[in-house]
Every structure is written in structure tokens, then in C-alpha cells.
Amino acid sequence: MKKHRATIILSFFLVLALAAAAFFAWQYFTSRQTQKATELPLDLAGLYAEYNDENLATVFEGQALQLAAPAKKIGEVFYLPLELVLNLTDALYYDEAEKTLTYTDSRDVIRLKPGEKTYYYNNEPVELQIGLEEINGVPYLPTALVAKFANFRLSYNGQYHILTVDNPQKTQRIGVADLTAAETQPEQEKKKAGELKTYVYNAIPQEGETVYYYYPVASGMTFVLLEESGDYYKVRTHEGFLGYVKKEVIGEVEEIIESNSIKESAPALSAALPGKVNMVWHQVFNMTANGSVQEKMAATKGVNVISPTWFHITDTEGAVSSIADIAYVRWAHQNGYKVWPLFSNSFDKAITHAVLSSTAKREKVIRQILSFVDLYELDGINIDFEEVPKEDGPAYVQFVKELSLFLKQKGMTVSVDMYVPKPWTEHYGRAEIGKYIDYLIIMGYDEHWSTSPKSGSVASINFVREGVVDTLASVPANKVILGIPFYTRLWQETGSGDSLKVSSKAYGMGYGKQM
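Residues numbered from 1 in each chain as written. Predicted model: local features only at pLDDT ≥ 70, side-chain atom pairs only at ≥ 80, totals over all residues. Heavy atoms only, no water.

## Quick word on the overall build of the protein
- Scanning the protein from terminus to terminus reveals 13 helices and 32 strands.
- Expressed as a percentage of the 515 residues in the protein, the buried residues total 44%.
- Sequence-distant contacts in the protein: of pairs separated by 6 or more residues, those separated by 24 or more amount to 65%.
- Accessible surface, the protein as shown: approximately 27,700 Å² in total, 53% of it carbon and sulfur. (Helix = DSSP H or I, 4+ residues; strand = E, 2+ residues; numbered from the N terminus. Buried < 20%, exposed > 50% of the residue type's maximum accessible area, 1.4 Å probe, protein only. Contact = heavy atoms within 4.5 Å. Areas by Shrake-Rupley, 256 points an atom, 1.4 Å probe, with all protein chains shown as cover.)

This is how it looks when you write it as C-alpha cells:
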């Protein structure tokens, strides 16, 4: 009996303790909910004390940037660090080792070096009044020059040294404050009398916390509405301040885009053929093999383009070998064929990196290809760069853009051979180079390759279908050509399970037909 009584007493005190804890917790949270945030003005002079003409506070759209090197105001000229400029356009590429900035648009290639007032416009020298500058080892562009390359809009708050940069091609939501838009008449009267105030806060007010504000909101003030967060808008003020205002004080909202300020690009040059392209690669390894073209083409039907494998980068200095033959080209022209020789990187990663990462070597390669175009009376070039390392993706894209523009200025048709889209081939930049080339040729084969760890089809229907569909997601259909294999593989498997080994031998279609 005593044991039961003790249990009852303990249970009573436990319940009492829990009830007391619940009561105090309720009181605490109730007091927290009814306690308003403490609102204090920001010390703007102190907040922006570190900024000056040599160190501008920079706001890009809705973000205060933390740049490695700050934007500057020298005299009446604003200078933007290249780090920022590269965010304004995809048309710029900087070779840090050779300190060369390259601008590539739909028709032109422009190169600049720090401190030089001569820049190269499609390899022709042009004098500049202003140019790329190096300040404390960092490349800067004056905004007057940036305007030639990118769309942007600047506003400047001289009092606090805030530079605001916008992309006028992006739609902006502009909200106008209306403090008389409250739900009740008493609130309207109080707001009209200035008895109720709301502010532009530096953070969303939290009950029981201290929040700072820039200044009170007045009717008619305009804000760039950046995003929504609960009952607040994140905004940017005309001074360049980033903060928060209550949604209820924003009346009219308008979406604007300054289409008249957009830098228009000239239409891309095109040398695409009328109608369909039916192309064959002619694999040759020496000059003597060029003589087989007539025999090879005798049995073909419907072909209108031949691509002999003639040009290859052979070393890390950018030398390009050639086994081209003018007689081959003239025979092809006489028989109604266009000639787009294949140009490769020898599928060598070291050569690829050394050449593509250097502006000077890229130029050297391009000059050689352009001379071959003239010398052999060609109609186009088929670019076949494979085994490009992931880190060289941006340089590869830049190279294709540059070479394509120079070739098109000569009326050449430009095609690029491309893997089927996979995560490990994203760095080839299909969508970007698709803007510059005439044709992208899907290499719809090698699903299972010579050293594949398992045997299988060279090009199964699902593999090919997926490759086409995924390519069309980023490249227009009128630029896409499907490459199909004229070979198969005979596989041999030895062992089983974890000890299974596979090997294969490639056979042309003639032998495959016999099999």
C-alpha cells in the first residue's frame, strides 16, 4: 500500500511540474509574440566609410558583390574589373597567361592587351582612345569600352560611393509605395498624419529583436522588387541600398525591360547548304591514299559532301599537318561534290591543352587552316576535336567560335563533330558553339568502343534516338546532322563473371555483309 501511495504522490508532483513548465513556456512565448522589434536607424556614414573612388561598393542587380578587386572611379571614368565584366556577357574570353582579352560576336573577333591602345579587329590593327588597363596587376575595362561588348546600365550614388550595375535585357519589377493603401480608415488617417511609419529595413524585422532601417518609406517612392519573403519584398532603392519593405505599402507594380538599350548583334554569317547534307568521311593516312577517292565514290548515291581526313594538330606549339591534294578537290568539284576536310586535334589531350589554352597558339592554328582553305580551294572545314579535357572546355568553345568566324568570312561552311550528350561531354558547349557553326554532326556510334569493358552494339537504336533528342534540346534541328557508322565489331568473350574479358575487332560494311 505504501508503495502505491508513493507512486501516486510522485505522479502528482510530476504532473504539477509539467503543468508549471507549460505555463511558464506559454508566458514566455506569449511575451515574445507580443514584443515588437526594436527599430533603430542605420549609421549610413559609418556603414559606407570604407568606400571611396578607389573602392566602390558595387551592386549587381540584387546582390552586393564581394569582388577580389573593386570597381573604381578615376576622374569621370568608371573602371570595372574584368571579373565583373565577364558576368555581363558570354562573348568575352580572357587568356590570363598571355594577358589577352578576346571578344567574339556573331561576325567579329576583337583582341585587346592591357596598356595597348591598338586592338586587333579580325586581325587588322585599329587605334583606340581607351583600352584594357592593368591596375595593381588586375585587368580593368572602362565602361565606355564595356558598352561595345555588353548590355548594361549604371547608376552611381556619389555620397556613399555605390555603383549599381544592371542588365537591361532582364525584366525589372518596379513597385511604387502607397501608404494610404491600408485596409481600415483609421489606419489611412494615421498614415496620412505621419503617426504610423514603416521603413526600408536592412533585414526582415523579427519580434523581440533589434532591426535597423535606412529611412522611412513615403508615398511615391519607387523600389526595384527583387524577391518576396513572407510579408516583405526584398528591394533595391534608387540609392543602391538593398533592404526590405512591407508588401502592404507597395501599391502599383510594373514590369519593365529597356529593349531600346539592348546591344543588337548582327545576324550570324551562314554558309549552310540548300537542302539536306549527305556527307561521307574519307579516311586517308597519306597522300597516296587520296587517289582512291574516285573508286570509293563510284558506288555511292546521293552524297553531296566529302570530308577527307587531311588536317591535324601535331604538336604542342600548334603545328598543323596536311596531306591535302588540289587534284582531289578539283575532281570532287567537277563531279558535284563539296569538300569539307576533317581537321582534328589528333585526339591528344596534352596537345589539346597546350594549344587551346594559348591565344597565340590558337591564332597560329587558325592562320594555317585559313591558308589551307585558300591553297586547296576548299568549301568548308569539319572540326573533329575529341578527348578534350573537361578543364579545357571553355578554351575549346572559344577556339571553335574564333575559327568559325574567320572561316565564314571566307564563305566556308563550318561543321563540328560532337559526341552524343552525356554528363561527361557537357563541357563541349553544344548550345554556345551551335550559334556560330553551320552544322553539328552527332557521332551516333561508339556506344561500345574498341576498349569497352563489355561487348555490345556500336549504335543501338535507343542510343542513337536518345543522342538525337538530347542534341535537339540545345541545337536547332536545321543545324543537326546524324553521323552513322559504316562499320561493326566482332566481339570475343573469354572467362566469366568477374574474370570475364572482352576484345573486339572492327569490320567494314562489306565484310559485315559477308558475315
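So, next bit.
## Examining the pattern of salt bridges
- Inspection of the entire model under this criterion finds 17 salt bridges.
- The salt bridge partner of Lys-170 is Glu-61, with a shortest N-O separation of 3.4 Å. With Lys-170 in the loop between strand 14 (162-166) and strand 15 (172-177) and Glu-61 in the loop between strand 2 (57-60) and strand 3 (63-64), this residue pair connects regions lying 109 residues apart in the sequence.
- One continuous salt-bridge network, built from bridges that share partners, spans Arg-111, Arg-362, Glu-363 and Glu-402. (Salt bridge = Lys/Arg side-chain N within 4 Å of Asp/Glu carboxyl O.)

## Quick word on unusual backbone geometry
- The phi angle at Asn-136 is positive, at roughly 55°, despite the residue not being glycine.
- In this fold, Asn-136 is placed in the loop between strand 11 (133-135) and strand 12 (138-142).
- Positive phi is not limited to glycine here, since Asp-446 has a value of about 60°.
- Of note, Asp-446 is situated in the loop between strand 29 (439-443) and helix 12 (461-472).
- Overall, the relative accessible area of 35% leaves Asp-446 in the partly exposed class.

## Remarks on the sheet that holds strand 9 (residues 118-121)
- Read across the open sheet, the five strands follow the order 6-7-8-9-10; overall the sheet is antiparallel. At either end of the open sheet lies a strand with only one pairing partner, and these are strand 6 (92-95) and strand 10 (124-127). The mean inter-strand angle of the sheet, taken between neighbouring strand axes irrespective of direction, is 25°.
- Pairing of strand 9 with strand 10, which is carried by four bridges, proceeds in the antiparallel orientation. When the bridges of strand 10 are listed, Thr-118 appears paired with Glu-127. (Pairing = 2+ DSSP bridges. Axes fitted to C-alpha atoms, helices over the stretch in contact; angles between N-to-C directions.)

## Notes on the packing of aromatic side chains
- In the structure shown here, the tally under the stated rule is 24 aromatic pairs.
- Aromatic pair Tyr-48 and Tyr-51: ring centres 6.0 Å apart, planes at 45°, arrangement tilted.
- Using a relative accessible area of 21% as the deciding quantity, one classes Tyr-51 as partly exposed.
- For the pair Tyr-199 and Tyr-213, a centre-to-centre distance of 3.8 Å together with 25° between the ring planes defines the contact as stacked. Of this pair, Tyr-199 sits in strand 16 (residues 199-201) while Tyr-213 sits in strand 17 (residues 210-216), placing them 14 residues apart in sequence.
- What makes Tyr-199 buried here is its relative accessible area of 12%.
- The side chain of Lys-247 reaches across the aromatic face of Tyr-233, ending 5.8 Å from its centre. (Phe/Tyr/Trp six-rings, centres within 6.5 Å; stacked < 30°, edge-to-face > 60°. Lys NZ or Arg CZ within 6 Å of the ring centre and 35° of its normal.)

So far we have only geometry, and geometry alone does not tell us how the molecule works.
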